[in-house]
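# Fold and contact review
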Amino acid sequence: TERTFSILKPDATRRNLTGAVNAVIEKAGLRIVGQRRIQMSRQQAEKFYEIHKERPFFGELVEFMTSGPVVVQVLEGENAVAKYREVMGATNPAQAAEGTIRKLFAESVGENTVHGSDSAENAKAEIAQFFQDGDIVG
Ligand code: GTP
Ligand code: MG
């Protein structure tokens, strides 16, 4: 079994959709083994998205991710990284498959409801940015 890192983004908390998104996650067989609601600081968001800092949408992305509360999560399951990417759907909700979180809930490529790690290695680093070992209970 594997772990991945997830964020329910500010558009999800704003629209009171965290339970609805979690239902899709759990129905897919992923277990929420760590979860916390936080207000991300600008510094945390810039560090988290550092890989995108040269992209034209970086400023907008940091602005959005700090615009309201987010829910950070650790998800556990068989092939959790790949499975969660599948459950999330394409970055652009217009291209997301039926039944995916982004197809069901996301409104635009910027405000696309969820983040999920893109590799097991990144998952480890992202989990470590937001969770202490004792706050993950499998
Ligand atoms: P994450 O799980 O959030 O990392 O999404 P992703 O892996 O599907 O997409 P990617 O890593 O390529 O981009 C990271 C995030 O940047 C996306 O989820 C979007 O929130 C945002 N983003 C990507 N492209 C655009 C864009 O063209 N405009 C804006 N405003 N945001 C974008
Ligand atoms: Mg990404």
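Note that this is a predicted model, so its numbers are computed, not measured. (Residues numbered from 1 in each chain as written. Chains lettered and ligands numbered in written order. Predicted model: local features only at pLDDT ≥ 70, side-chain atom pairs only at ≥ 80, totals over all residues. Heavy atoms only, no water.)

### Some remarks on the site of ligand 1
Note the cut-off: Here a residue counts as near a molecule or strand whenever at least one of its heavy atoms sits within 4 Å of it. A 3.5 Å cut-off defines polar contacts: any pair of N or O atoms within that distance qualifies, except that in protein one atom must be a possible hydrogen donor and the other a possible acceptor, and neighbouring residues in sequence count only when both atoms are side-chain atoms. In short, Shrake-Rupley with a 1.4 Å probe defines the accessible areas, and a residue's cover is counted only from the protein chains shown. By definition, any uninterrupted DSSP run of H or I lasting at least four residues is a helix, any uninterrupted run of E lasting at least two residues is a strand, and each is numbered from the N terminus. Think of it as three bins: nonpolar holds Ala, Val, Leu, Ile, Met, Phe, Trp, Tyr, Cys and Pro, charged holds Asp, Glu, Lys and Arg, and polar takes everything else, Gly as well.
The immediate surroundings of ligand 1 are formed by 16 residues, with Glu60, Arg85, Thr91, Asn112 and His115 found nearest. Take Thr91: an N or O atom from its side chain is 2.4 Å from an oxygen atom of ligand 1. At a separation of 3.1 Å, an oxygen atom of ligand 1 approaches a polar backbone atom of Gly116. Out of a free accessible area of 590 Å², ligand 1 has 81% covered by protein chains. At the level of secondary structure, the elements contributing two or more residues to the shell around ligand 1 comprise helix 4 (58-65) and strand 4 (114-116). With three residues, strand 4 is the single largest residue contributor to the shell around ligand 1. When grouped by side-chain class, the residues that make up the shell around ligand 1 number five nonpolar, six polar and five charged.

### Things to note about the UniProt feature "active site" (unreviewed entry) in the protein chain
We count it as follows: UniProt positions are given in the numbering used here, feature names are shortened, and annotations may be inferred rather than shown by experiment.
With numbering aligned to this structure, UniProt lists the feature "active site" (unreviewed entry) at His115. Structurally, His115 is set in strand 4.

### Some remarks on the UniProt feature "binding site: ATP" (unreviewed entry) in the protein chain
Basically, it comes down to this: A cavity here means a set of points on a 1 Å grid, drawn over the protein atoms and nothing else, where a 1.4 Å probe fits but cannot get out; a pocket is an open set with protein on both sides within 12 Å along at least five of seven lines, and a residue lines either one if it has an atom within 4 Å of a point. Only protein chains enter the accessibility calculation, which uses a 1.4 Å probe; a residue whose area is less than 20% of its type maximum is buried, one above 50% is exposed, and one in between is partly exposed. The contact criterion used throughout is that any non-hydrogen atoms of two residues lie within 4.5 Å.
Under the feature "binding site: ATP" (unreviewed entry), the UniProt entry names Lys9, Phe57, Arg85, Thr91, Arg102 and Asn112. The subset of the named residues that lines the largest pocket consists of Lys9, Phe57, Arg85, Thr91, Arg102 and Asn112. Here Phe57 is to be found in the loop between helix 3 (42-48) and helix 4. For Phe57, a relative accessible area of 34% translates into the label partly exposed. Tracing the backbone shows Arg102 in helix 6 (residues 101-105). Contact partners of Arg102, with chain neighbours within four places excluded, come to Lys9, Met88, Gly89, Ala90, Thr91, Pro93, Ala96, Asn112 and Val114.

### Topic: the nonpolar core
Stated formally: Take the buried residues of types Ala, Val, Leu, Ile, Met, Phe, Trp, Tyr and Cys, join any two whose side-chain atoms come within 4.5 Å, and each joined set is a nonpolar core.
Within the largest apolar cluster, 20 residues are counted, with the highest numbers of intra-cluster contacts made by Phe5, Ile7, Met40, Met65, Val72, Phe130 and Phe131. Of all the secondary-structure elements, those providing two or more residues to this core are strand 1 (2-8), strand 2 (31-38), helix 3, helix 4, strand 3 (70-77) and helix 7 (120-130). If you tally residues by element for this core, the top one is helix 4, at five residues. Leave out the neighbours within four places in its chain, and Met40 touches Ile7, Ala45, Met65, Thr66, Val70 and Phe130. Formed by 16 residues, the second largest nonpolar core is a distinct cluster that contains Leu17, Val24, Val87 and Val114.

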